[in-house]
Amino acid sequence: QVQLKESGPGLVQPSQTLSLTCTVSGFSLTSNSVSWVRQPPGKGLEWMGAIWSGGSTDYNSALKSRLSISRDTSKSQVFLKMNSLQTEDTAIYFCTTVDYWGQGVMVTVSS
Amino acid sequence: DVVLTQTPPTLSATIGQSVSISCRSSQSLLDSDGDTYLNWLLQRPGQSPQLLIYSVSNLESGVPNRFSGSGSETDFTLKISGVEAEDLGVYYCMQATHAPLTFGGGTKLELK
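These numbers were taken from a predicted model, which means no experiment stands behind them. (Residues numbered from 1 in each chain as written. Chains lettered and ligands numbered in written order. Predicted model: local features only at pLDDT ≥ 70, side-chain atom pairs only at ≥ 80, totals over all residues. Heavy atoms only, no water.)

1. Some thoughts on the overall build of chain B
Formally: Comment: elements are numbered from the N terminus, with helices defined as DSSP H or I runs of at least four residues and strands as E runs of at least two. Each residue gets one of three labels from its accessible area relative to the maximum for its type: buried under 20%, exposed over 50%, partly exposed in between, using a 1.4 Å probe on protein chains only. Contacts are assigned to residue pairs with any non-hydrogen atoms lying within 4.5 Å of each other. Residue exposure ignores everything except the shown protein chains as possible cover, and the areas themselves are Shrake-Rupley values with a 1.4 Å probe.
What chain B contains, in helices and strands, is zero helices and 11 strands. When its helices and strands are written in sequence order, chain B yields β-β-β-β-β-β-β-β-β-β-β. Going through the 112 residues of chain B one by one, you find that 46% of them count as buried. Partitioning the contacts of chain B with sequence separation of at least 6, the portion at a separation of at least 24 is 53%. Working note: accessible area of chain B is about 5,000 Å², and carbon and sulfur atoms make up 46% of it.

2. Section: the state of the cysteines
Going by this rule: By definition, disulfides here are pairs of cysteine sulfur atoms that lie within 2.5 Å.
Under the definition given, this model contains two disulfides over all chains. Cys22 of chain A shares a disulfide with Cys95 of chain A; S-S distance 2.1 Å. On the sign convention where negative means left-handed, the S-S torsion of about 75° between Cys22 of chain A and Cys95 of chain A marks this disulfide as right-handed. Here Cys95 of chain A lies in strand 9 (residues 91-96) and Cys22 of chain A lies in strand 3 (residues 18-25), a separation of 73 residues in the sequence. Of the two residues, Cys22 of chain A and Cys95 of chain A, both sit in the buried class. At a sulfur-sulfur separation of 2.1 Å, the disulfide partner of Cys23 of chain B is Cys93 of chain B. Measuring handedness by torsion sign, the sulfur bridge of Cys23 of chain B and Cys93 of chain B sits at about 75° and is right-handed. In this pair, Cys23 of chain B sits in strand 3 (residues 18-25) while Cys93 of chain B sits in strand 9 (residues 89-95), placing the two residues 70 residues apart along the sequence.

3. Some details on the pairing of strand 5 (residues 46-51) of chain A
Residues and elements named next belong to chain A. For the record, the criterion: A pair of strands is labelled paired if DSSP reports no fewer than 2 bridges between them.
For strand 5, the tally of buried residues reaches five of six residues, placing the bulk of the element in the interior. Taking the residues between adjacent antiparallel strands as the criterion, strand 4 (residues 34-39) and strand 5 are bridged by six residues, where Gly42 takes a positive phi near 75°. In this sheet, strand 6 (residues 57-59) lies alongside strand 5 in antiparallel orientation, the contact comprising three bridges. By the bridge assignment, Ile51 is partnered in strand 6 with Thr57.

4. Details of the pattern of salt bridges
Definition in use: Any carboxyl oxygen of Asp or Glu within 4 Å of a side-chain nitrogen of Lys or Arg constitutes a salt bridge here.
The final tally for this structure, using the stated rule, is seven salt bridges over all chains. Close ionic contact of Asp89 of chain A with Arg38 of chain A constitutes a salt bridge, the shortest N to O distance being 2.8 Å. Of this pair, Asp89 of chain A sits in the loop between strand 8 (77-82) and strand 9 while Arg38 of chain A sits in strand 4, and the two are 51 residues apart along the sequence. As far as burial versus exposure is concerned, Asp89 of chain A and Arg38 of chain A are alike and both buried. Between Arg66 of chain B and Asp87 of chain B there is a salt bridge, with its nearest N and O atoms 2.7 Å apart. Separated by 21 residues along the polypeptide, Arg66 of chain B in the loop between strand 6 (58-59) and strand 7 (67-72) and Asp87 of chain B in the loop between strand 8 (75-81) and strand 9 bring together distant segments of the chain. Assigned by exposure class, Arg66 of chain B and Asp87 of chain B land together as buried.

5. Focus on the interface of chain B and chain A
Accessible area lost upon the coming together of the parts is a frequently used measure of interface size. Selection criterion: Each of two parts loses accessible area, computed with a 1.4 Å probe, when they are put together; buried area is these two losses added. Polar contact criterion, stated in full: a pair of N or O atoms within 3.5 Å, where within protein one must be able to donate a hydrogen and the other to accept it, and residues adjacent in sequence count only if both atoms are side-chain atoms.
Facing the 14 residues of chain B at the interface are 19 residues of chain A. Together chain B and chain A conceal approximately 1,300 Å² of surface at their shared face, both sides included; 67% is due to carbon and sulfur atoms. Counting across the chain B and chain A interface gives zero salt bridges. At the surface where chain B touches chain A, the tally comes to four residue pairs in polar contact (both at pLDDT 80 or more). Secondary structure elements with two or more residues in the side of chain B that touches chain A: strand 4 (38-43) and strand 9 of chain B.

6. A short note on the nonpolar core
We apply this condition: Only buried residues count toward a nonpolar core. Its members are Ala, Val, Leu, Ile, Met, Phe, Trp, Tyr and Cys residues joined through side-chain atoms within 4.5 Å.
Ranked by size, the top nonpolar core spans 26 residues in total, and within it Trp36 and Tyr93 of chain A carry the most contacts. When contributions to this core are tallied by element, the ones reaching two or more residues are strand 3, strand 4, strand 5, strand 7 (67-72), strand 8, strand 9 and strand 10 (105-109) of chain A. Among the elements that line this core, the one with the most residues is strand 3 of chain A, at four residues. Ala13, Val19, Tyr91 and Leu109 of chain B belong to the second-largest nonpolar core, a separate cluster that totals 23 residues.

What follows is the structure, given as structure tokens:
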């Protein structure tokens, strides 16, 4: 059974770095890509970036300068790191294969 | 980046009514491999999005066949033939032909 689960801090201070982990099961990261998608409160979905099955990455043009996605295939985990957080980065963060989605983790940027 | 424009932004329907949502792309979504990676997702209130249709017209496993997708190149449509209460929520188109991937702005389906 395919599952994805996001984990990370619920609260991050402005200007700090966000670190999230997506732990997957039921499939191999070397066979499937994983994307990060976020959703600010009351707004639509924003694709942040992905790590493809071969290990390469692509990023949203607007976030590219402060976003990094990586993985540990031995642990079935995908990582998101985004620096210089501002209040507008407050959102639910999802990891997804598009056909399967995690439950999301709410991240609030506030002092 | 590819811009996906969804219309209408809000759709009011009665149970049993058939409705359509449009998704227009700023560039062709036909990939060099011959496939067109345009997907439709539904996000019910308080839930994660779920994939309904992939590659324009392929129904995801477990999705009722009242949902159908059509279109090509830059113009795509999602049709619901007979809205049911469980269909309420926000519908998004999403393209995966060109990196970076992008979503449409969403169409909220509500009860009239």
